[in-house]
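Summary of structural features
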Amino acid sequence: MLPFKIVYHEKYDLNLGEHVFPSQKFRLIAEALLKEKIASTADFVQPPPANDEDILRVHTADWTRKLKTGTLSHSEVMLLEVPYSRELVDAVWLATGGSILAAQNALRDGFGINLGGGFHHAYADHGEGFCAIHDVAVAIRRLEAEKAIEKAIVVDTDVHHGNGTAAIFQNDGRVFTISIHQENNYPAYKPPSTVDLHMMDRADDHEYMAALMPAVESALEEFQPDILFYIGGADPFCEDQLGGLSLTKHGLMERDRRVFEEARRRGIPVVTALAGGYARDVQDTVRIHINTVIAAREVALQHPHVPLSRD
Ligand SMILES: [Zn+2]
């Protein structure tokens, strides 16, 4: 039994067929966690879909309506880079509900894991790069609306810059954003995060951690967030088809563990979402995401959660 809940729904699958985005990975991760006895069925919880009130705290009414009614323009579908379907919309609303639930779980348990989401390329008024709705931003706005948090930090380790996150929180002093990514990669335009760590092509485990950890430590020290959202991309992996960094599986797990440790030893709740992963062999992507759950378990056992009274 895990010391936290895993939020997952079998309808997270984005219905993409033979697309570079392996949307079956969500199911493969859930199945492997059970098969390898890392988790039991009692550790899993199903999220409700996000409600539109949640979505509209981040997204424009126009973009929300277009998604719900299937009235995206041709250029909007091109920018999204995934075919539009009703199943896609249902999956995105569920994954967003999943990030909200995982965030609420994190405040209660110290950790909350969504086996989906991390759609960090979504902007308020349009979708990009496989991301239609910014689930992490929606979850942050929901916790703010519930007065459950005042300040949040987003640590985005996907190999691609967190452009949607940066744009949504650009003028928001209560949300600190860190993106560590490959500089010579999508998206071409990178609006500034609070801290951007632009990595050179083929950067390895050592170079990556030497950039990431001082930034995370000083942000936690100075900003003192109430919660850390971790966008745990599997695509900095050396064999990723859409990435150009050279991290190993071991290095990626160490990355997760170190970020979690820095947060948890300060008593900061951690919520994780998956984001990208396009390894030639989908089993590598699955393994990297499973390792994130194992790293969370190790750190959760070392740093048990003591819920803070907020009154
Ligand atoms: Zn990515």
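Below you will find a few notes about this structure. (Residues numbered from 1 in each chain as written. Predicted model: local features only at pLDDT ≥ 70, side-chain atom pairs only at ≥ 80, totals over all residues. Heavy atoms only, no water.)

1. Brief notes about the coordination of the zinc ion
- Every protein donor of the zinc ion is listed here as Asp158 (OD), Asp158 (OD), His160 (ND1) and Asp235 (OD), and their distances to the metal cover 1.9 to 2.7 Å.
- Taken together, the four donor atoms surrounding the zinc ion define angles of 54 to 153° at the centre, an arrangement classified as irregular.
- When the donor residues of the zinc ion are listed from N- to C-terminus, their spacing reads D-x1-H-x74-D. Here Asp235 lies in the loop between strand E7 (227–231) and helix H9 (249–264) and Asp158 lies in the loop between strand E4 (152–156) and helix H7 (163–168), a separation of 77 residues in the sequence. Take Asp158 and Asp235: they sit in the same class, and that class is buried. (Donors = N, O, S within 2.8 Å, 3.2 Å for Na, K, Ca; no water. Tetrahedral: all angles 85-135°; square planar, octahedral: opposite > 155°, others 65-115°. Helix = DSSP H or I, 4+ residues; strand = E, 2+ residues; numbered from the N terminus. Buried < 20%, exposed > 50% of the residue type's maximum accessible area, 1.4 Å probe, protein only.)

2. A few points about the environment of Thr71
- With respect to the helices and strands, the residue Thr71 is situated in the loop between helix H3 (61–69) and helix H4 (74–80).
- A relative accessible area of 41% means that Thr71 is categorised as partly exposed.
- With 13 residues separating them in the primary sequence, Thr71 and Tyr84 have C-alpha atoms 9.5 Å apart.
- Non-local contacts of Thr71, meaning those with residues more than four positions away in its chain, are made with Arg65, Lys66 and Glu76. (Contact = heavy atoms within 4.5 Å.)

3. Looking at the side chain of Arg264
- As for its position among the elements, Arg264 is in helix H9.
- Buried and without a salt bridge, Arg264 has Asp109 as its closest oppositely charged side chain, separated by 9.7 Å.
- If sequence neighbours within four positions are ignored, Arg264 has contacts with Gly110, Phe111, Pro269, Val270, Val299, His303, Pro304 and His305. (Lys, Arg positive; Asp, Glu negative; His and termini not counted. Salt bridge = Lys/Arg side-chain N within 4 Å of Asp/Glu carboxyl O.)

4. Looking at the nonpolar core
- In terms of nonpolar packing, the biggest core is built from 109 residues, with Leu33, Leu115, Leu212, Leu228 and Phe229 touching the most fellow members.
- Among the elements that line this core, the one with the most residues is helix H5 (residues 86–109), at twelve residues.
- The contacts of Leu33, once residues within four sequence positions are left out, are Ile6, Ile38, Ala39, Phe44, Leu115, Ile290 and Val293. (Core = buried A, V, L, I, M, F, W, Y, C linked by side-chain atoms within 4.5 Å.)

5. A look at unusual backbone geometry
- Cis rather than trans, the peptide bond between Tyr186 and Pro187 has omega equal to -5°.
- Mapped onto the elements, Pro187 comes out in the loop between strand E5 (175–182) and strand E6 (195–199).
- Even without being glycine, Phe130 reaches a positive phi, approximately 75°.
- In this structure, Phe130 sits in the loop between strand E3 (111–114) and helix H6 (135–145).
- Backbone geometry places Ala275, a non-glycine residue, at a positive phi of 65°.
- The topology assignment puts Ala275 in the loop between strand E8 (270–273) and helix H10 (282–302).

6. Thoughts on H10
- Taking 1.5 Å per residue as the helical rise, H10 with its 21 residues ought to reach 30 Å, and the 31 Å between its terminal C-alpha atoms agrees with that figure.
- Looking at where H10 begins, the residue whose side-chain oxygen comes 2.9 Å from the main-chain nitrogen of Gln283 is Asp281. (Expected span 1.5 Å × (residues − 1). Polar contact = N/O pair within 3.5 Å; in protein donor to acceptor, adjacent residues only side chain to side chain.)

7. A few points about the side chain of Asp156
- As for its placement among the helices and strands, Asp156 is situated in strand E4.
- For the buried Asp156, no salt bridge exists, and the shortest N-O distance to an oppositely charged side chain is 7.8 Å, to Arg255.
- Not counting the four nearest positions on each side in its chain, Asp156 is found in contact with His120, Gly162, Thr165, Ile178, Ser179, Ile180 and Ile231.

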